[in-house]
Amino acid sequence: MANLQTKYLGLNLRNPIIVGSCGLTNTIEELKEMEKFGAGAIVLKSLFEEEIEIELKKQMAEMVSTSNNVYPEIYDMFDLATVEDTLTKYLSLIETAKKELSIPIIPSINCISATEWTFFAKKMQDAGADAIELNVFLMPCEFDRTTKDSEQIYFDIVHKVKKEVTIPVSLKMSYYFSNLGGMLQRVSESGVDGLVLFNRFFAPDFDINNFRVIPASLYSNAQDLSISLRWIAIMAERVKCDLAASTGVHNGKSVIKQILAGADAVQIASILYKNGISYIATMIEEMEEWMTEMDYESLSEFRGKMSQAKSINPAVYERAQFMKHFSQKF
Ligand SMILES: Cc1cc2nc3c(=O)[nH]c(=O)nc-3n(C[C@H](O)[C@H](O)[C@H](O)COP(=O)(O)O)c2cc1C
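Predicted model, so just to flag it, every value in this text is computed and none were measured. (Residues numbered from 1 in each chain as written. Predicted model: local features only at pLDDT ≥ 70, side-chain atom pairs only at ≥ 80, totals over all residues. Heavy atoms only, no water.)

**Some details on the site of the ligand**
Logical step 1: Around the ligand sit 21 residues, and of these Ser21, Ser46, Asn135, Ser220 and Ser270 come closest.
Logical step 2: In this structure, an oxygen atom belonging to the ligand sits 2.9 Å away from a main-chain N or O atom of Ala269.
Logical step 3: Expressed as a share of its isolated accessible area of 600 Å², the protein-covered part of the ligand is 90%.
Logical step 4: Here the residues of the shell around the ligand are counted per class, giving 6 nonpolar, 12 polar and 3 charged. (Near = heavy atom within 4 Å. Polar contact = N/O pair within 3.5 Å; in protein donor to acceptor, adjacent residues only side chain to side chain. Areas by Shrake-Rupley, 256 points an atom, 1.4 Å probe, with all protein chains shown as cover. Nonpolar A, V, L, I, M, F, W, Y, C, P; charged D, E, K, R; others polar.)

Dropping the structure here:
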């Protein structure tokens with residue numbers, strides 16, 4: 001029987017299939033279903049840093065209205081547990097999940113700055129979180145901002161959150177960097193415990209009959225795997241932290257591909273919207289079948305076997321043009 005166990009962010013997972021942060025990882029009922037059908041771990045639906053800061057400002061305003069002396073120490077006095085709001089609900093989802101499930105639970109924060117919100121990471125740890133995922137993204141549309149300034153934000157966020165908590169911290173990133181490999185490598189050396197490559201964002205489409213901007217497809221398709229597959233393979237032996245592959249992982253075979261590329265785990269979201277939560281079990285079966293067929297007993301026997309570093313033709317991972325596509329075989 002194939003053993004699918006893996007280690008990600010220092011956590012022991014029974015298999016590498018992590019349910020990624022999405023609208024399905026928002027209720028205890030669905031989390032339980034995910035565990036029942038075999039998920040290795042779950043990343044909760046993200047909180048936005050703005051949600052944390054709004055709450056912070058609300059409480060600040062209340063304190064200012066009742067006191068003339070407001071010191072920075074007031075952050076320590078917040079008793080979030082007594083406030084019926086988004087943050088309290090989020091913390092209680094972590095607590096309940098930790099009581100009722102045995103797989104690792106990873107809360108997530110969407111953030112764009114290293115400001116006051118970072119205190120909340122400690123609250124998540126105290127609620128029982130096994131790790132924290134930071135989903136950082138700045139759309140490169142502020143043309144006056146230098147590359148250095150944009151990139152520094154990622155390091156500042158990791159640094160500040162790592163100071164707040166002792167549990168592992170992962171960073172979910174995009175591929176919108178001019179020197180993507182260099183950036184991933186430097187971030188991996190910043191003390192972060194894992195990188196999630198890559199996030200998939202809201203994208204605009206046009207309704208040409210009504211001249212309106214509408215959302216493009218919310219869900220990925222199986223072909224979207226190739227971007228993260230390329231970059232997991234390129235980065236696999238060049239980073240100082242774990243790697244989780246995200247986007248376009250739609251079946252057991254694509255999990256195998258990402259492990260061959262060098263991933264420690266994968267994250268899935270779209271496919272569960274399309275096929276239902278029970279599909280996790282099908283993906284696990286597909287992995288087991290392939291491993292049995294190939295005579296592999298554990299993931300470590302083939303992890304990274306197809307990374308760029310191990311390839312006899314490393315240039316193929318960097319090929320960008322189709323010019324020779326019809327005349328030359330890989
Ligand atoms: C409906 C929906 C909601 C999502 N919400 C979040 C979120 O709150 N935080 C986050 O980091 N990613 C979020 N994602 C992105 C997914 O976690 C994942 O990175 C992305 O969908 C690519 O993986 P996939 O191809 O398996 O869907 C969401 C995705 C979907 C489809």
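From this point, the narrative continues.
**Points about the pattern of salt bridges**
Logical step 1: Under the counting rule described, the total for this entry stands at 11 salt bridges.
Logical step 2: A salt bridge links Glu33 to Lys36, with the nearest nitrogen and oxygen atoms 3.5 Å apart. You can see Glu33 and its partner Lys36 sitting in helix H1 (residues 28-36), 3 residues apart, about one turn around the helix.
Logical step 3: Classification of Glu33 by relative accessible area gives partly exposed; the value is 31%.
Logical step 4: A relative accessible area of 58% means that Lys36 is categorised as exposed.
Logical step 5: A salt bridge links Arg200 to Asp224, with the shortest nitrogen-to-oxygen separation between them at 4.0 Å. Pair noted here: Arg200 is in the loop between strand E10 (194-197) and strand E11 (204-207) and Asp224 is in the loop between strand E12 (212-215) and helix H8 (225-235), with a separation of 24 residues, a long-range link. (Salt bridge = Lys/Arg side-chain N within 4 Å of Asp/Glu carboxyl O. Helix = DSSP H or I, 4+ residues; strand = E, 2+ residues; numbered from the N terminus. Buried < 20%, exposed > 50% of the residue type's maximum accessible area, 1.4 Å probe, protein only.)

**Brief notes about helix H9 (residues 252-261)**
Logical step 1: Taken across its 10 residues, H9 has 8 buried, putting it largely inside the fold.
Logical step 2: Looking only at H9, the buried set comprises Gly252, Ser254, Val255, Ile256, Gln258, Ile259, Leu260 and Ala261.
Logical step 3: Buried residues belonging to H9 abut strand E3 (17-19), H8, strand E13 (242-246), strand E14 (265-268) and helix H11 (279-294).
Logical step 4: Taken from the residues just after H9, Gly262 is the one with a positive phi, measuring 125°. (Contact = heavy atoms within 4.5 Å.)

**Let's talk about the sheet that holds E14**
Logical step 1: Read across the open sheet, the 10 strands follow the order E5-E7-E8-E9-E10-E13-E14-E3-E4-E6; overall the sheet is parallel. Each edge of the open sheet is held by one strand with a lone partner, namely strand E5 (47-48) and strand E6 (105-106).
Logical step 2: Taken together, the 4 bridges between strand E8 (residues 132-136) and strand E9 (residues 169-173) define a ladder with parallel strand orientation. Among the inter-strand pairings, Leu134 is bridged to a residue of E9, identified as Leu171. (Pairing = 2+ DSSP bridges.)

**Here we look at the pairing of strand E7 (residues 108-111)**
Logical step 1: The side-chain alternation of E7 yields two buried faces, one formed by Ser108 and Asn110 and the other by Ile109 and Cys111.
Logical step 2: One ladder, built from 2 bridges, connects E5 with E7; its direction is parallel. If you follow Leu47 over to E7, its bridge partner there is Ile109.
Logical step 3: Here E7 pairs with E8 via 4 bridges, running parallel. Directly across from Cys111, in E8, lies its bridge partner Val136.

**Side note on the pairing of E10**
Logical step 1: Burial of the side chains of E10 extends over both faces: Gly194 and Val196 are buried on one face and Leu195 and Leu197 on the other.
Logical step 2: Running through helix H7 (residues 180-188), the crossover from E9 to the neighbouring parallel element E10 is right-handed.
Logical step 3: Inspection of the sheet shows E10 paired to E13 by 4 bridges, in the parallel sense. Bridge pairing in E13 places Gly194 opposite Asp242. (Right-handed = clockwise from strand over helix to strand, strands pointing away.)

**What about helix H5 (residues 119-126)?**
The α-helix advances 3.6 residues per turn, and as a result positions three or four apart in sequence lie on the same side.
Logical step 1: What H5 keeps buried is the set Phe119, Phe120, Ala121, Met124 and Gln125.
Logical step 2: The positive-phi residue at the C-terminal boundary of H5 is Gly128, with phi of around 115°.

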